[in-house]
Amino acid sequence: MITKIMQDEINNQINKELYSSYLYLSMAAYFEEKNLPGFAHWMRIQDAEEREHAMKLYDFLLERGGKVILKAIDAPKTEWNSTLEVAEEVAAHEAFVTASIYSLYETALKEKDYPAQVMLQWFISEQVEEEKNAADIVASLKLIESHGTAVLVLDHQLSKRGNS
Ligand code: FEO
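Considering the pattern of salt bridges
No. 1: The tally for this structure, following the rule as stated, stands at 7 salt bridges.
No. 2: The partner of K77 in a salt bridge is E85, and the shortest N-O contact between them spans 4.0 Å.
No. 3: Classification of K77 by relative accessible area gives partly exposed; the value is 38%.
No. 4: Beyond isolated ion pairs, a larger network of salt bridges with shared partners links K77, E85 and E89.

Regarding the environment of A135
No. 1: Structurally, A135 is set in helix α4 (residues 114-159).
No. 2: Between the alpha carbons of A135 and A92 there is a distance of 9.4 Å; along the sequence they are 43 residues apart.

Details of helix α3 (residues 83-110)
No. 1: Compared with an ideal rise of 1.5 Å per residue, which puts 28 residues at 40 Å, α3 spans 41 Å between its outermost C-alpha atoms and is within 8% of the ideal.
No. 2: The positive-phi residue at the C-terminal boundary of α3 is K112, with phi of around 55°.

A look at the environment of Y22
No. 1: Within the element layout of this structure, Y22 appears in helix α1 (residues 4-33).
No. 2: Given the relative accessible area of 41%, Y22 is considered partly exposed.
No. 3: With 26 residues separating them in the primary sequence, Y22 and A48 have C-alpha atoms 9.8 Å apart.
No. 4: Apart from the residues within four sequence positions on either side, Y22 is in contact with I73, D74 and P76.

Let's talk about the packing of aromatic side chains
No. 1: In this structure the tally under the stated criterion is 5 aromatic pairs.
No. 2: A centroid spacing of 5.1 Å and a plane angle of 35° characterise the contact between F31 and F39, whose relative ring orientation is tilted.
No. 3: By relative accessible area, which is 0% here, F31 ends up buried.
No. 4: Of the residues examined, F39 reaches a relative accessible area of 25% and is grouped as partly exposed.
No. 5: Between F39 and W42, the ring centres sit 6.4 Å apart and the planes meet at 65°, which makes this aromatic pair edge-to-face. With F39 and W42 both in helix α2 (residues 37-63) and 3 residues apart, this pair spans about one turn of that helix.
No. 6: Feature note: the residues Y30, F31, F39, W42 and W80 constitute an aromatic cluster, connected by ring pairs.
No. 7: Across from the ring centre of W122, 4.2 Å away, lies the NZ or CZ of K56, which sits over that ring.

What counts, and where the lines are drawn
- Residues numbered from 1 in each chain as written.
- Predicted model: local features only at pLDDT ≥ 70, side-chain atom pairs only at ≥ 80, totals over all residues.
- Heavy atoms only, no water.
- Salt bridge = Lys/Arg side-chain N within 4 Å of Asp/Glu carboxyl O.
- Buried < 20%, exposed > 50% of the residue type's maximum accessible area, 1.4 Å probe, protein only.
- Helix = DSSP H or I, 4+ residues; strand = E, 2+ residues; numbered from the N terminus.
- Expected span 1.5 Å × (residues − 1).
- Contact = heavy atoms within 4.5 Å.
- Phe/Tyr/Trp six-rings, centres within 6.5 Å; stacked < 30°, edge-to-face > 60°.
- Lys NZ or Arg CZ within 6 Å of the ring centre and 35° of its normal.

Following this line, the structure appears as structure tokens:
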């Protein structure tokens, strides 16, 4: 039987995963509005993955004789200023989720909950991948942006060019 402390923390993590799903679904809608179906597709996949994460924790809790207690999910943002801003927010959010998983793992160590430790190791590996994917997209967008700036610099130089 799972301890009350572990049960409470897993229920909190379920809420964070469902919030992540909600946040990414909101980002998908933002990208659809901006006519960026590829980015919207990326966010829809993220949304589905977050729901799977929530369900892994949900099923684990039930298997261990715990009680699933679903809490209210905060409303996510609906507006961003740029594609880069969204990607940076995904990266920051994934770092927040990683910290939360680490904290949950520390509790599992303190509680000597060995099955929870094994289950959470999957999440620890998953977060490495999630953080890397987000960081790669941020890096690509920054590269695009810097090239955009380079084009503007060239445009400015060309505007000053005389006949020769
Ligand atoms: Fe469930 Fe993207 O962390």
